[in-house]
Amino acid sequence: MRILTFISFCALQIILFTFATLAQSADSIALNTSSEDLLLKEAKIQSDRDSTAQAELLKAIADIRAQAALAKEEPTMDSRARKSDSLKRASLLSKINKLKSTTPGYPVMLYQDTLFSIYTRIGSFDAKDRAAAISQKIYQLFDAPNFDPELLTVVENEESYDIVYNGQNIIISVGLLDALWVNKSSSELAESYISKIKESVVKQREAHSFLNLAKRIGLAALVLLLMIGMVLLINRFFRFVASKISMGKERLLSARRMRKLKIIKAEHIEQALLRVNAILHIIILLLSIYLTLPLLFSIFPETESWTDMLLGWILNPLKIVLLSVIDYLPNLFRVAVIFFIFKYLVKFTRYVFHELQRGNIHLNGFHSDWALPTFNILRFVLYAFMLVLIFPYLPGSSSPAFQGVTVFIGILVSLGSSNAIANVVAGLVITYMRPFQIGDRVKIGEAVGDVLEKSMLVTRIKTIKNEEITVPNSMVLSSTTVNYSNQAKKENPGLIVHYSVTIGYDVPWQKVYDLLIEAASVTVHIEQQPEPFVLQTNLNDNNISYTINAYTKQPSKQAVIYSNLLENIQEVFHREQIELLSPSYHVMNRK
């Protein structure tokens, strides 16, 4: 009976264990409940047989209930933990994304080789201290006499992964913040770090081996020898050029003569060319030595970083200039188009006004002598408008420095050229007023002479004494101008030359008229038509004033005309024995 009871109990335990396992794996409370009911029924059957088996059965039922309760609570606890972890990770990622734009990375280096950068802190060690400490430990690996890269391993801890050498020397600890910073898991980041450390240490140990050092020293010696040879070759070449310049100076000079006039001496050309040769010699020599240094520094790992720095000092400015030129090409094309448009527009304008000046083109109310000054004004306006269009496309035109310089130049021009501008404006007014032309005999102020030049600033006249007088246009405009030549042109009768004499009351005025007209008729450069005529200008106390008037087409020869007129007056009155009473006259020198 006892044996049967024990066998029944064992079978019951197996059944209970099976149902408990199914209940735990399926995570079903209903199944657990049905298992309990089944067990209770079986327990009732066996309760009458063995009280001890019943007690053990109740204990098993309690265990099943406890396991079912745990199975019910575990999913809720796991989901809460996962939710908490995800919220914490999202918060850290948000903070890291804000810090990435402002937080610098500190490199972990072995000689000039940058392995990776550290951005986060651990405990009291900030990123800079961590990078320095890691670099120092990597240098210790490099200096280890028997370094074995296989001894570098990754050890997992509760919150980080450690890279350990030989099981005890911790090189770096990779935490959650380090992994989040580069968007990797801690294990992936640790594996990438350990591969970089192995590769860099092995590479640098090989590079600093005695054999490689000997090779580098030999290569550096070869580079130095080549540099010395290149310097000697450059010196020899420029000495050869200098000797050729000295020997061929006369031949160089003969090609720079204008007809039979020597412009400069041979020694001057020789000195200038020798100076240029010396400057080029120095520039090429220094440039050759400078470009050899990066090659020399690139041989040794310790100085390899200097290579990029030295090359950068030359290549970076050249690169900037080249990129600036390339970027400026569209604007340069616009400037070229605008320039050529205005260039040919000015050529067309010049052609039109030259034809106006020659008389091939006629415009009502437009005089031919206006053509050249009008063209100059229009050309200035066109070029000014061209500069206005080109200015925005000039390099640096929008910079404050460029604008400040242009404002400064404008102020200087406006302050220093007020008189010049007044003369230019007066010149324009005189041009279109046409008070005189080139070659006219004029009187401007106290100066009398022929007009030699009429420019935008001044007017030059030549007196009968061969004196050249320069009169500012502003003075010409503000003073009285007498033009003696204007009425002497073909369509006009001519300039009237006149002279006054006094004759007594005892001489008939008709006889005086005849004598004065006779004297004028035989005077040189006097026109016979219209005829000379006499006017009585004053009845004085003791005599009568007579004025002889005659026409001439030679206003520039007034001095000769007046001198000959006076001679003829004296002659005719002396012939008739008529006394000239207190004559008022002046003599002008013969031209």
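Residue positions are given per chain, counting from 1 as you read along its sequence in written order. The predicted origin of the model limits local features to residues at a pLDDT of at least 70 and limits the giving and counting of side-chain atom pairs to 80 or more, whereas totals for whole chains, interfaces and linings rest on all residues. The side-chain quantities take in all heavy atoms of the structure and omit both hydrogens and water.

Go over the sheet that holds strand E13 (residues 543-552) with me, naming the residues and quoting the values.
Paired strands are those between which DSSP finds at least two bridges. Elements are defined by DSSP. Helices are runs of H or I of four residues or more, strands are runs of E of two residues or more, and each kind is numbered from the N terminus. Spatially, E11-E13-E12 is the arrangement adopted by the three strands of the open sheet, whose pairing is antiparallel. Either end of the sheet is taken by a strand with one partner, and the two such strands are strand E11 (495-504) and strand E12 (533-539). Geometrically, the sheet is characterised by an average inter-axis angle of 25 degrees between neighbouring strands, direction not taken into account. Two elements, E11 and E13, share 10 bridges in a ladder whose sense is antiparallel. In the strand pairing of E13, Val501 is matched with Tyr546. Most of the contacts of helix H15 (residues 509-521) go to E13, to which it runs at about 30 degrees, and overall it touches E11, E12 and E13. Any two residues whose heavy atoms approach within 4.5 Å are treated as being in contact. Fitted lines through C-alpha atoms serve as axes, helices being fitted only where they are in contact, and the angles separating the N-to-C directions of these axes extend from 0 to 180 degrees. Contacts from helix H16 (residues 558-575) reach E11 and E13, with the element oriented near 30 degrees to E11.

Which residues make up the sheet that holds strand E9 (residues 468-472), and what values do they have?
Overall, antiparallel pairing links the five strands, which are arranged E9-E8-E7-E6-E10 in an open sheet. The open sheet has two free edges, formed respectively by E9 and strand E10 (481-483), since each of these has just one partner strand. Neighbour-to-neighbour, the strand axes of this sheet turn through a mean angle of 40 degrees, independent of strand direction.

Which residues make up the environment of Val424, and what are the values?
Looking at the element boundaries, Val424 is found in helix H13 (residues 418-433). Burial here depends on accessible area, computed with a 1.4 Å probe over protein chains only, as a share of the maximum for the residue type. Under 20% is buried, over 50% is exposed, and the range in between is partly exposed. Owing to a relative accessible area of 29%, Val424 belongs among the partly exposed residues under this scheme. On a C-alpha basis, the gap between Val424 and Pro472 in space is 9.5 Å, while along the polypeptide they are 48 residues apart.

Tell me about the side chain of Thr120, and please be specific about residues and values.
Within the secondary structure, Thr120 is located in the loop between strand E2 (113-118) and helix H4 (127-143). For Thr120, a relative accessible area of 7% translates into the label buried. Aside from chain neighbours lying at most four places away, what touches Thr120 is Asp126, Ala127, Arg130, Leu177, Asp178 and Trp181.

Quick one: what's the story with a nonpolar patch on the surface, residue by residue and with numbers?
Patch membership requires more than 30% relative accessible area and the absence of a salt bridge. Residues of like charge join within 9 Å; the nonpolar side chains Val, Leu, Ile, Met, Phe, Trp and Tyr join within 5 Å. Computed by Shrake-Rupley with a 1.4 Å probe, the accessible areas treat only the displayed protein chains as cover when residues are assessed. We define a salt bridge as a side-chain nitrogen of Lys or Arg found within 4 Å of a carboxyl oxygen belonging to Asp or Glu. Judged by side-chain polarity, Val321, Leu322, Leu323, Val325, Ile326, Leu329 and Leu332 come together as a nonpolar surface patch covering roughly 610 Å² of accessible area. Counting through the fold element by element, Ile326 comes out in helix H10 (residues 304-358).

Lay out the nonpolar core in plain terms, naming residues and giving numbers.
Grouped together as the largest cluster of nonpolar side chains are 26 residues, with contacts concentrated most on Phe116, Ile118, Ile138, Leu152, Ile171 and Ile197. Contributing elements (two or more residues each) for this core: strand E1 (106-110), E2, H4, strand E4 (161-165), strand E5 (169-174) and helix H6 (186-207). Excluding its chain neighbours within four sequence positions, the residues that come into contact with Ile197 are Leu115, Phe116, Ile138, Leu141, Leu152 and Ile171. We call a set of buried Ala, Val, Leu, Ile, Met, Phe, Trp, Tyr and Cys residues a nonpolar core when their side-chain atoms join them within 4.5 Å. Listed in part, the 25 residues of the second largest apolar core include Val512, Tyr546, Ala550 and Val572.

Pulling in residues and values, what's your account of the pattern of salt bridges?
Within this structure, the stated rule accounts for eight salt bridges. For Glu453, the salt bridge is made with Arg460, and the minimal N-O distance between the two is 2.6 Å. Two residues, Glu518 and Arg575, come together in a salt bridge whose shortest N-O distance is 3.1 Å. Residue Glu518 is found in helix H15, and its partner Arg575 is found in helix H16; the two are separated by 57 residues along the sequence. Residue classification places Glu518 among the partly exposed positions, given a relative accessible area of 32%. Among the residues examined, Arg575 registers a relative accessible area of 47% and is labelled partly exposed.

Quick rundown of the packing of H10 against helix H11 (residues 371-390)? Include the residues and the values.
For the pair H10 and H11, the least separation of the axes is 10 Å and the interaxial angle reads 170 degrees. Classed by the angle they form, the pair H10 and H11 counts as roughly antiparallel. Contacts between H10 and H11 involve Val335, Ile338, Phe339, Phe342, Leu345, Val346, Thr349, Arg350, Phe353, Leu356 and Gln357 on the former and, on the latter, Ala371, Leu372, Thr374, Phe375, Leu378, Arg379, Leu382, Tyr383, Phe385, Met386, Leu389 and Ile390. Three classes are used, and their members are as follows: Ala, Val, Leu, Ile, Met, Phe, Trp, Tyr, Cys and Pro are nonpolar, Asp, Glu, Lys and Arg are charged, and the others, Gly among them, are polar. Of the residues that constitute the contact of H10 with H11, the class distribution is 18 nonpolar, three polar and two charged. Orientation categories follow fixed angle ranges, with anything under 35 degrees roughly parallel, anything over 145 roughly antiparallel, 65 to 115 roughly perpendicular, and all other angles oblique.

Quick one: what's the story with the pairing of E9, residue by residue and with numbers?
Strand residues, when the strand is regular, have side chains that alternate between the two faces of the sheet. In the sheet, strand E8 (residues 458-462) pairs with E9 via five bridges, with the strands oriented antiparallel. Across the sheet, residue Ile461 finds its bridge partner in E9, namely Ile469. What sits between E8 and E9 in their antiparallel hairpin is a turn of five residues, with Asn466 showing a positive phi close to 60 degrees.

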